[in-house]
Amino acid sequence: MLIMAYGGCLSYLTIIKDTLPVLLGVSSEDVGMARAILVVSTMAIILPISMQRDMADLAKTSKVSVIFQCAMVAVVVVFSPVSESIERNGGLVQIASESVINWSKIFIGLGVLSFAFVCQHGAFIVAGSLEKPTKERWAMATSRALSLCVILEAACGIAGYLAFLEETQGDILNNFLSLGGNITKAANIARGLLCTTMFFVYPMDSFICRHVFVVLFFRGRRAHEGDDASVLNRRDRRIAMTLIIYFSSLIPA
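Note that this is a predicted model, so its numbers are computed, not measured.

(A) Spotlight on the overall build of the protein. Within the protein one finds twelve helices and zero strands. The order of helices and strands in the protein, counted from the N terminus, is α-α-α-α-α-α-α-α-α-α-α-α. The buried share of the protein, reckoned over its 253 residues, is 35%. Residue pairs in contact within the protein that sit at least 24 positions apart in sequence constitute 74% of those at least 6 positions apart. Side chains of the protein carry 21 positive and 19 negative charges; the gap between the two charge centres is 12 Å.

Written out as structure tokens, the structure is:
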């Protein structure tokens, strides 16, 4: 749980560092400014949210994050030049017949694809945050969440590939930069939505890391069964653990 959650924290901060400076007009070569923006923005937004005590406190920011992710995918689907690409490459049948799996990059693709479904390390904590944590309600929550992930992944992947084919980049939004006009503006809006979601999803993985610390260093099995509050009610412990997690992920990012 600790390794997976820490990896998530590191990934989210890296995305913020790659995305937010671009939105603010900072050159990609100005590494110092990108680092400064990362530190200032995350200290102002991520750190206060991560200082909260319970996973349930993240309900509102999580809702905003989901809405923004749906909007981001909608921007990619709507503004991707799919029809022009299909017409230019001889039609959908022709594209399908010539498309082959690039085995040299198969694990890169699977890694990107699977990242949307990496949630098992937080399953127990999220399940315990439900108002009525029954198996039926948890089954409904997970099935709806994963179904939405499938729809978003498929929509973004299919539209992105049909629009740019072999030129599709790992960050699909970078493909829009060369198109200019309103499409570039739309891509920047999507980039802003992506960056905002990273601010809101980081605290969830930070909470999981903190939970592992509680289990390992304070109350053992009792904490692992969900009683983090007895430890986290002490503000000094909560702040100390949150700061350790934050700086240990911020520095490598």
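Continuing now.
(B) Main features of helix H12 (residues 235–250). The terminal C-alpha atoms of H12 lie 22 Å apart, and with 16 residues this matches the ideal 22 Å at 1.5 Å per residue to within 8%. Buried within H12 we find Arg238, Met241, Thr242, Ile245, Tyr246, Ser249 and Leu250. Down the axis of H12, the smallest arc covering the buried residues is 155°, so these residues share one side.

(C) Representation of the nonpolar core within the structure. Counting 52 residues, the largest nonpolar core has Leu13, Ile16, Phe199 and Tyr202 as the members making the most contacts within it. Beyond its immediate stretch of four places on either side in the chain, tyrosine 202 contacts Cys9, Tyr12, Leu13, Ile46, Ser50, Ile245, Tyr246 and Ser249.

(D) Seen up close, the environment of threonine 242. Tracing the chain through its elements places threonine 242 in helix H12. Not counting residues up to four positions away in its chain, the partners in contact with threonine 242 are Leu47, Ser50, Met51 and Arg210.

(E) Molecular detail of the pattern of salt bridges. Considering all chains together, one arrives at two salt bridges under this definition. Among the ionic pairs, aspartate 54 bridges to arginine 53, the shortest N-O distance being 2.9 Å. Between aspartate 236 and arginine 234 there is a salt bridge, and its shortest N-O distance comes to 2.8 Å. When its relative accessible area of 40% is taken as the criterion, arginine 234 is described as partly exposed.

(F) Structural context of the packing of helix H2 (residues 31–44) against H12. Where H2 meets H12, the closest approach of the two axes is 12 Å, and the angle between their N-to-C directions is 160°. When the axis of H2 is compared with that of H12, the two are roughly antiparallel. Crossing geometry of H2 relative to H12 is assigned as right-handed. The segment H2 lies against H12, with Leu38, Val39, Thr42 and Met43 engaging Tyr246, Phe247 and Leu250. For the contact of H2 with H12, the class distribution of residues is six nonpolar, one polar and no charged.

(G) Focus on the packing of helix H1 (residues 2–23) against H2. Interaxial distance between H1 and H2 falls to 9 Å at its minimum, and their mutual angle equals 115°. With respect to each other, H1 and H2 are oriented roughly perpendicular. The way H1 lies across H2 gives a crossing that is right-handed. Counting all contacts with H1, which are made through Leu13, Ile16, Lys17, Leu20 and Pro21, the residues of H2 involved are Ala34, Arg35, Ile37, Leu38, Ser41 and Thr42. Here the contact of H1 with H2 is built from residues that sort into seven nonpolar, two polar and two charged.

(H) Seen up close, the packing of aromatic side chains. As enumerated under the stated definition, the model contains three aromatic pairs in all. Residues phenylalanine 164 and phenylalanine 176 carry aromatic rings whose centres are separated by 5.5 Å and whose planes lie at 75° to one another, so their mutual orientation is edge-to-face. Of this pair, phenylalanine 164 sits in helix H9 (residues 135–164) while phenylalanine 176 is found in the loop between H9 and helix H10 (181–224), placing the two residues twelve residues apart along the sequence. Here the two residues phenylalanine 164 and phenylalanine 176 agree in accessibility, since each one is buried. Summarising the aromatic geometry, the rings of phenylalanine 213 and phenylalanine 217 are spaced 6.0 Å apart at their centres and angled 55° between planes, so their arrangement reads as tilted. Here phenylalanine 217 and phenylalanine 213 lie together in helix H10, a separation of four residues that amounts to about one turn. By relative accessible area, which is 16% here, phenylalanine 213 ends up buried. Seen from the ring of phenylalanine 207, arginine 210 lies directly overhead, with NZ or CZ sitting 4.4 Å from the centre.

(I) Examining the confidence of the model for the protein more closely. When pLDDT is averaged along the protein, the result is 86; 96% of the residues meet or exceed 70. Per-residue pLDDT, averaged within each element of the protein, yields its smallest value for helix H11 (residues 229–232) (75) and its largest for H2 (94).

(J) Structural detail: helix H4 (residues 59–79). End to end, H4 covers 31 Å across 21 residues, agreeing with the expected 30 Å (1.5 Å per residue, within 8%). Among the residues of H4, Thr61, Ser65, Met72, Val73, Val75 and Val76 are the ones counted as buried. Taken end-on, H4 shows its buried residues confined to a sector of 150°, consistent with a single buried face. For H4, the exposed residues lying more than 90 degrees away from the buried face are Lys60, Lys63, Ile67 and Val78.

How each quantity is defined
Residues numbered from 1 in each chain as written. Predicted model: local features only at pLDDT ≥ 70, side-chain atom pairs only at ≥ 80, totals over all residues. Heavy atoms only, no water. Helix = DSSP H or I, 4+ residues; strand = E, 2+ residues; numbered from the N terminus. Buried < 20%, exposed > 50% of the residue type's maximum accessible area, 1.4 Å probe, protein only. Contact = heavy atoms within 4.5 Å. Lys, Arg positive; Asp, Glu negative; His and termini not counted. Charge placed at Lys NZ, Arg CZ, Asp CG, Glu CD. Expected span 1.5 Å × (residues − 1). Arc of directions from axis to C-beta. Core = buried A, V, L, I, M, F, W, Y, C linked by side-chain atoms within 4.5 Å. Salt bridge = Lys/Arg side-chain N within 4 Å of Asp/Glu carboxyl O. Axes fitted to C-alpha atoms, helices over the stretch in contact; angles between N-to-C directions. Parallel < 35°, antiparallel > 145°, perpendicular 65-115°, else oblique. Left-handed = near helix turned anticlockwise from the far one by under 90°. Nonpolar A, V, L, I, M, F, W, Y, C, P; charged D, E, K, R; others polar. Phe/Tyr/Trp six-rings, centres within 6.5 Å; stacked < 30°, edge-to-face > 60°. Lys NZ or Arg CZ within 6 Å of the ring centre and 35° of its normal. pLDDT = per-residue confidence, 0-100.

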